Structures are given as C-alpha cells and as structure tokens.
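# Structural description and commentary
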Amino acid sequence: MLVEIVKTVVATEVIVAGIKDGGDGAVCVFDGIVRDNTRGRKTLHLDYEAYEEMALEQMRGLAAEAVTRFGVRDVALVHRLGRLFVGETSVLIVVASAHRGAAFDACRWLIDTLKKTVPIWKKEQFVDGVVWADGEPFPAEVALHAGDDVEMLG
Amino acid sequence: MELPDPATVEAVLEECRVRGAAAPGLMASLAVAVNQEYAKADTPLQDGDEVALLPPVSGGSRSNGVGV
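Here is a short report on the structure shown in this document. (Residues numbered from 1 in each chain as written. Chains lettered and ligands numbered in written order. Predicted model: local features only at pLDDT ≥ 70, side-chain atom pairs only at ≥ 80, totals over all residues. Heavy atoms only, no water.)

## A few points about the overall build of chain A
Helix and strand content of chain A: three helices and nine strands. For chain A, the sequential pattern of α-helices and β-strands runs β-α-β-β-β-α-β-β-β-α-β-β. Taken over C-alpha atoms, the radius of gyration comes to 16 Å for chain A, in line with the 15 Å a tight globule of 154 residues would show. Viewed in the frame of its principal axes, chain A has a C-alpha envelope of about 50 × 40 × 30 Å. Considering only contacts within chain A whose residues lie at least 6 apart along the sequence, 73% involve residues at least 24 apart. Positive and negative side-chain charges in chain A, numbering 17 and 24 respectively, have mean positions lying 5 Å apart. (Helix = DSSP H or I, 4+ residues; strand = E, 2+ residues; numbered from the N terminus. Rg over C-alpha atoms; globule rule 2.2 N^0.38 Å. Contact = heavy atoms within 4.5 Å. Lys, Arg positive; Asp, Glu negative; His and termini not counted. Charge placed at Lys NZ, Arg CZ, Asp CG, Glu CD.)

Quick look at the structure:
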C-alpha cells in the first residue's frame, strides 16, 4: 500500500500504472483537484497544512481498513500539502480490485472518510480575501462526546 | 501546561476556556488527539502526553457543502 503526504506534484500516472496487477479487473481513481471558485467566489490558490505525523497515521489506517472492509486488493492514498493552484491534484486515491463494485465503493468511502477525520486543513485565497475553509463536523467515532455530529453546536 | 491530578482531556479544554485561547464556537467544534490518536473528553492524561486541539478538518478537494 502506498500512503504518502507529499509537498510536490502528485505523480498520478505513475501511481496508477504502478498499482495494476494481473488479478485486477478494475482500478478506480479519485483525483481531487483545486477548483477555480467556492460558491462563485474566484479562487487564486489553496494552502494545505497538516498535523503531519497523525495525518499520515490516519491515512495508513484508512487504507488498511478499506482493504478489509471492501475486499479490494490494494490502495494508494496520497495527499499534497503546501500551496496548490487551480487544476492541481490535492488528493489522489487509487483502488485496485478484482471487481469494479468494490473498487468504486472503497474509493468513495476513502475520500468521504478522509475529509472528515484526517487532520489536514486548507486556507482559501480568493481574489478578494482569504479564509480557512469550514471543516465538516467530526463524526461520532472521533468527536469528544458521542453524538457530537448530530448536535447543533454554535 | 500544569493540570490538577488526575488530569483529563476535559481539564485541558477547561484551562483553554479560562485562558480564552479560542472563540467559544471554535472550542465547541474541536476534536482532541492525545499522542496523535483521537481521544474523548474523559481520556486520562500522563505527564509528557502530547495533546492537540483539532478544528474541523478540511482536507481533500472540495469545500463544505459544495459539489466535488
């Protein structure tokens, strides 16, 4: 399993080519890229920061859990930090599996879970201002109190 | 940070509230990691533990509430 946090361009094509194996029938790729706007506000760039050691450990855990939970053969999970411009890859998820259904499901679960639990944050630089992106509420498994994710806080 | 013994994650949060370390809305949205693993409010702490207060995370490629 390839699990990495990188500071430079994500080598998407190399990673996708490298994961393929004879028993695979499907490779599902999620390539998360920087969009040119948020709610119509024009974006110049994003700055990603992480609690890096914990983020990497969380990502390793997610990749391993995806394999056991969905029965896929292999997973690559790469997140980039630092300043990213429109169109650049911030997160790459590649899932290799004998069958496509499991590959799609694992890929979707990985991005949805990563976004809620891996300690990475982004600052959005717009043409007319800058803001730390609102995160999603933490799910109950990692929140301070069980049920925090369904309460209306603040 | 000096805390009463036995110390818990909640004691750290209370100390932060007393010191006005963050806005109340942010304090309410935090998760906490102890030695780089997610912890609960009643998680006990030992001398030397690394405690991190984590705002809601926003990794990945899309902003909250907006399509991919």
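## Brief notes about the sheet that holds strand E2 (residues 31–34) of chain B
All names here are of chain B. Sheet architecture is open: three strands sit in the order E3-E2-E5, paired in antiparallel fashion. The open sheet has two edge strands with one neighbour each: strand E3 (37–39) and strand E5 (51–54). Shown here is a sheet whose adjacent strand axes are inclined to one another by a mean of 40 degrees, direction ignored. Examined bridge by bridge, E2 and E5 share four bridges and lie antiparallel to one another. Bridging across to E5, alanine 33 finds its partner in alanine 52. Docked against the sheet, helix H1 (residues 9–19) engages E2, E3 and E5, running at close to 60 degrees with respect to E5. (Pairing = 2+ DSSP bridges. Axes fitted to C-alpha atoms, helices over the stretch in contact; angles between N-to-C directions.)

## Observations regarding the interface of chain B and chain A
The partner chain A presents 37 residues to the 30 residues of chain B that form the contact. Both faces considered, chain B and chain A share a buried interface measuring about 2900 Å² in area, 55% of it formed by carbon and sulfur atoms. The interface formed by chain B and chain A holds zero salt bridges in total. At the boundary of chain B with chain A, the tally comes to 14 residue pairs in polar contact (both at pLDDT 80 or more). (Buried area = accessible area lost by both parts, 1.4 Å probe. Salt bridge = Lys/Arg side-chain N within 4 Å of Asp/Glu carboxyl O. Polar contact = N/O pair within 3.5 Å; in protein donor to acceptor, adjacent residues only side chain to side chain.)

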